[in-house]
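Survey of secondary and tertiary structure
Each chain is listed here by its residues.
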Protein chains: 2
Amino acid sequence: MKRPTIADIARRVGVSQGAVSYALNGRPGVSEATRVRVLKVAEELGWRPSVAARALTGASAGAVGLVLSRPPSVLGAEPFFMELFSGIETTLKPHSCALMLQMADDQDAEIEVYRRWWAEGRIDGAILVEVHVDDRRLPVLESLGMPAVVIGGLPGGAGSLPSVRSDESVPVHETVEYLAALGHRRFGRVAGLPHLVHTRVRDEAFAEACARLGLSDPVTLHTDYTGEEGARATRRLLSSSSRPTAIIYDNDIMAVAGLSVAQEMRLRVPDDLSLVAWDDSQLAQVVRPALTAVRRDVPALGAAAARHLLSLINGETLDDVETEPARLTPRGSTGALV
Amino acid sequence: MKRPTIADIARRVGVSQGAVSYALNGRPGVSEATRVRVLKVAEELGWRPSVAARALTGASAGAVGLVLSRPPSVLGAEPFFMELFSGIETTLKPHSCALMLQMADDQDAEIEVYRRWWAEGRIDGAILVEVHVDDRRLPVLESLGMPAVVIGGLPGGAGSLPSVRSDESVPVHETVEYLAALGHRRFGRVAGLPHLVHTRVRDEAFAEACARLGLSDPVTLHTDYTGEEGARATRRLLSSSSRPTAIIYDNDIMAVAGLSVAQEMRLRVPDDLSLVAWDDSQLAQVVRPALTAVRRDVPALGAAAARHLLSLINGETLDDVETEPARLTPRGSTGALV
DNA sequence: CTGAAAGCGCTTACAG
DNA sequence: CTGAAAGCGCTTACAG
């Protein structure tokens, strides 16, 4: 019942522990014949390396960390994170690298978790999500010297930490131009948390796209990403004297909430009002009308980040990676003004 | 820049490593004065225990594992899992215990991950979710002797592994009786995967509740939990000659999809058709009409499982824990037949 | 190509 | 109450 160790294998094969280690790790220093026998016995015994022992000899922890600081209700409503995990893990798995997950209350708590994980030798690196405008995590991770990749953010915006990102201004422009082509002139935007970099990027792209079309006063309202605040923001937009005819949301759940508000206010979607969701989960597709959405491949984003992190842990120095921009996927919630 | 070790502290304080270890771990064997000095120096140096070294000396891995085997798209649409993680972690955190997460393709792959994690000394125990009717994981984990708690399942159904569960038949009866009181006589149920124990339990409770009310042929259709299959099942139910006037769903996204189907088919909710969702996320509340839902405290469930697992790891022997049953939360999607 | 030994950072009997 | 030492399971120079 006791776990077999390298010593058990050595005894059984009749060689030294060192030889077994070399054989197991595919390193030179043992004859082919010995290697084969060692591997065979290891297999028979059901031997697995002790991660603790390996970590202690300086190899690696065999795990990377990810800390999230948003309330669970918001995380739950956002398919984004689960899809991201899935992409990350699919990539990590063949390298026998695990994902450590933790939720924190705020950025300081998050920093504390990274510090502890790193000091305890628990992780080899980290993936950061949801970059803030003045992100306190970045300088700390840099000073720790811990390999880390940032998902999102601005090009070069993460200091020495490489980022995996896509240009979010592209789909914003695409969406605004598409809606303008349908005859819309008054736009509203129900955005996420204002201190997040990607919110800022979308905000600016939105303002710029509207300005370029000569549209005067596009309104952006910020929320905490919950359906509740999405509904409230939508109500405010639709109650204004210059009510928008098209609203762009920063996630799916707020867009669904917005759709309900439009129904309450007896506005027809898309005849009176066009709605665009962001991220495009199942959610956008099960409501009626189905929601036009800005779609991106979230698992692929996670996979790219994980690959990047593995390279970084291997000592390579890396630049930012630019992934394909999200693209507008039109469905029934957008249409020409009637 | 190098991590301080126990030897550094010993040198600085002028005592032996052993004494430092005792002091740091709050064990007898050092004077109060020494203990205080050791702690102070450890603090100054920013010392943290190496999990690898601790794990190697047989202490513990300081982590528990959770493996999920469902496609990412389904996981993403299901707020359940994120909320569960959140409850688990909040409980684990004060014990400096981390959560290792992995996704697997099927139960065999899942078993392989548990085996590996356990053999590698990576985890101290595991939390199992989504118990199958003949769950292959259970006997394996028992034979490994790994502490594990099962979320859901039948009382005593996990063999020697303790489970944390609530009686899911209670809310099913509550829901059916409530709908019957509103005048409904023909029920439909859009269920999840048929090989999951909780699906089975709800199926049976549903049949029994209907039988008890003398209702003849309640129909249950099984799905993969996606909105798409939820919509299809709803269409089938509503196209039958004896169309149900009330449908109970096994999650939120399918109920939302069902609501859209009802609209497509020009059925008024709740005048012509009542709908009940399960789990009650934001999603149920942002659509119109808001969905009546069977609500349970998912983070609390996760927290209970984590507490239970920590006790188990500490060597206690435990029984199953029964948590409060989910309860029906009426909203606008259910009403008296008109 | 192989063996013997030191070392990673901690814990824990065992002497003093 | 404290010190010296062995040991956890592995890796890695260093001799042979």
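Residues numbered from 1 in each chain as written. Chains lettered and ligands numbered in written order. Predicted model: local features only at pLDDT ≥ 70, side-chain atom pairs only at ≥ 80, totals over all residues. Heavy atoms only, no water.

**Quick word on the overall build of chain A**
Secondary structure summary: chain A contains 14 helices and 12 strands in total. Taking 338 residues into account, the globule formula puts the C-alpha radius of gyration at 20 Å, and chain A, at 25 Å, lies well above it. In terms of overall dimensions, chain A has C-alpha extents of about 85 × 40 × 30 Å along its principal axes. In chain A, buried positions account for 57% of the 338 residues. Pairs at least 24 residues apart make up 68% of the contacts formed inside chain A by residues separated by at least 6 positions. Of the accessible surface of chain A, which amounts to about 13800 Å², a share of 51% is contributed by carbon and sulfur atoms. (Helix = DSSP H or I, 4+ residues; strand = E, 2+ residues; numbered from the N terminus. Rg over C-alpha atoms; globule rule 2.2 N^0.38 Å. Buried < 20%, exposed > 50% of the residue type's maximum accessible area, 1.4 Å probe, protein only. Contact = heavy atoms within 4.5 Å. Areas by Shrake-Rupley, 256 points an atom, 1.4 Å probe, with all protein chains shown as cover.)

**Thoughts on the pairing of strand β6 (residues 187–191) of chain A**
Residues and elements named next belong to chain A. Counting buried positions along β6 yields five of five residues, so the element is predominantly enclosed. The two faces of β6 match: Phe187, Arg189 and Ala191 on one face and Gly188 and Val190 on the other face are all buried. For β6 and strand β8 (residues 246–249), the ladder comprises four bridges, and the chain directions are parallel. The partner of Val190 across the bridge, within β8, is Tyr249. The sheet contact formed by β6 and strand β7 (residues 219–222) spans four bridges and is parallel. (Pairing = 2+ DSSP bridges.)

**A closer look at the state of the cysteines**
Enumeration according to the criterion identifies zero disulfides over all chains in this entry. Between Cys97 of chain A, a free cysteine, and Cys97 of chain B, which holds the nearest cysteine sulfur, the sulfur-to-sulfur gap is 18 Å. Of the residues examined, Cys97 of chain B reaches a relative accessible area of 8% and is grouped as buried. (Disulfide = S-S within 2.5 Å.)

**Considerations on the nonpolar core**
Note on soluble globular proteins: their nonpolar side chains tend to be buried together. If you look at the biggest cluster of nonpolar residues, it comprises 60 residues, and the most contacted ones within it are Leu291 of chain A together with Leu291 of chain B. Leu291 of chain B has contacts with Asp252, Ala255, Val256, Leu259, Leu275, Ala277, Ala284, Arg331 and Ser333 of chain B, leaving out every residue within four places of it along the chain. With 56 residues, the next largest nonpolar core counts Leu92, Ala306 and Leu312 of chain A together with Leu75 of chain B among its residues. (Core = buried A, V, L, I, M, F, W, Y, C linked by side-chain atoms within 4.5 Å.)

**Focus: the pairing of strand β3 (residues 125–128) of chain A**
All names here are of chain A. Because side chains alternate across β3, one face comprises the buried residues Gly125 and Ile127, and the other comprises Ala126 and Leu128, equally buried. Sheet topology places strand β1 (residues 63–68) next to β3; two bridges connect them, and they run parallel. Its bridge partner being in β3, Gly65 is matched across the sheet by Ala126. Bridge count for β3 against strand β4 (residues 148–151) is three bridges, and the pairing is parallel. Bridge pairing in β4 links Ala126 to Ala148. Crossover β3 to β4 through helix α8 (residues 137–144) is right-handed. (Right-handed = clockwise from strand over helix to strand, strands pointing away.)

**Side note on the side chain of Gln282 of chain A**
Among the structural elements, Gln282 of chain A can be located in helix α13 (residues 282–286). Exposure remark for Gln282 of chain A: the relative accessible area of 17% places this residue in the buried category. Beyond its immediate stretch of four places on either side in the chain, Gln282 of chain A contacts Ser73, Val74, Ala77, Thr226, Gly227, Glu228 and Ile253 of chain B.

**So, the protein's contact with DNA strand C**
Close contacts around DNA strand C come from 26 residues, with Gly29 and Ser31 of chain A together with Ile6, Ser21 and Arg27 of chain B the closest. In the model, a phosphate oxygen of DNA strand C is placed 2.5 Å from a nitrogen or oxygen of the Ile6 of chain B main chain. At the level of elements, α2 (17–24) and α4 (51–56) of chain B are the ones that each hand at least two residues to the surface near DNA strand C. Here the surface near DNA strand C gets four residues from one element, more than from any other, and that element is α2 of chain B. (Near = heavy atom within 4 Å. Polar contact = N/O pair within 3.5 Å; in protein donor to acceptor, adjacent residues only side chain to side chain.)

**Some points on the packing of helix α7 (residues 107–119) of chain B against helix α8 (residues 137–144) of chain B**
Two numbers describe a pair of packed helices, the interaxial angle and the distance between the axes. Residues and elements named next belong to chain B. Interhelical geometry of α7 versus α8 gives an angle of 15° and a closest axis separation of 10 Å. Regarding the angle of α7 to α8, the classification is roughly parallel. Pair α7 / α8 crosses with right-handed handedness. For the pair formed by α7 and α8, the contact residues are Gln107, Glu110, Ile111, Tyr114, Arg115 and Trp118 on the first element and Arg137, Val140, Leu141 and Leu144 on the second. (Axes fitted to C-alpha atoms, helices over the stretch in contact; angles between N-to-C directions. Parallel < 35°, antiparallel > 145°, perpendicular 65-115°, else oblique. Left-handed = near helix turned anticlockwise from the far one by under 90°.)

**A look at the packing of aromatic side chains**
Within this structure, the stated rule accounts for four aromatic pairs over all chains. Taking the centre distance of 5.2 Å and the plane angle of 85° together, the rings of Phe80 of chain B and Phe81 of chain B count as edge-to-face. Per residue, the accessibility class of Phe80 of chain B equals that of Phe81 of chain B, and both read buried. A cation sits over an aromatic face here: Arg202 of chain A above Trp278 of chain A, 3.8 Å from the ring centre. Over the face of the ring belonging to Tyr225 of chain B we find Arg70 of chain B, whose NZ or CZ atom lies 4.2 Å from the ring centre. (Phe/Tyr/Trp six-rings, centres within 6.5 Å; stacked < 30°, edge-to-face > 60°. Lys NZ or Arg CZ within 6 Å of the ring centre and 35° of its normal.)

**Considerations on the interface of chain A and chain B**
The interface of chain A with chain B comprises 61 residues on the first partner and 61 residues on the second. Across the chain A-chain B interface, the total number found is four salt bridges. Residues Glu264 of chain A and Arg288 of chain B are paired through a salt bridge, measuring 2.6 Å at the closest nitrogen-oxygen approach. Viewed at the interface, chain B and chain A are joined by 20 residue pairs in polar contact (both at pLDDT 80 or more). Looking at the side of chain A that touches chain B element by element, the count peaks at seven residues for helix α6 (residues 79–92) of chain A. (Salt bridge = Lys/Arg side-chain N within 4 Å of Asp/Glu carboxyl O.)

By themselves, these are just geometric observations and shouldn't be taken as functional.
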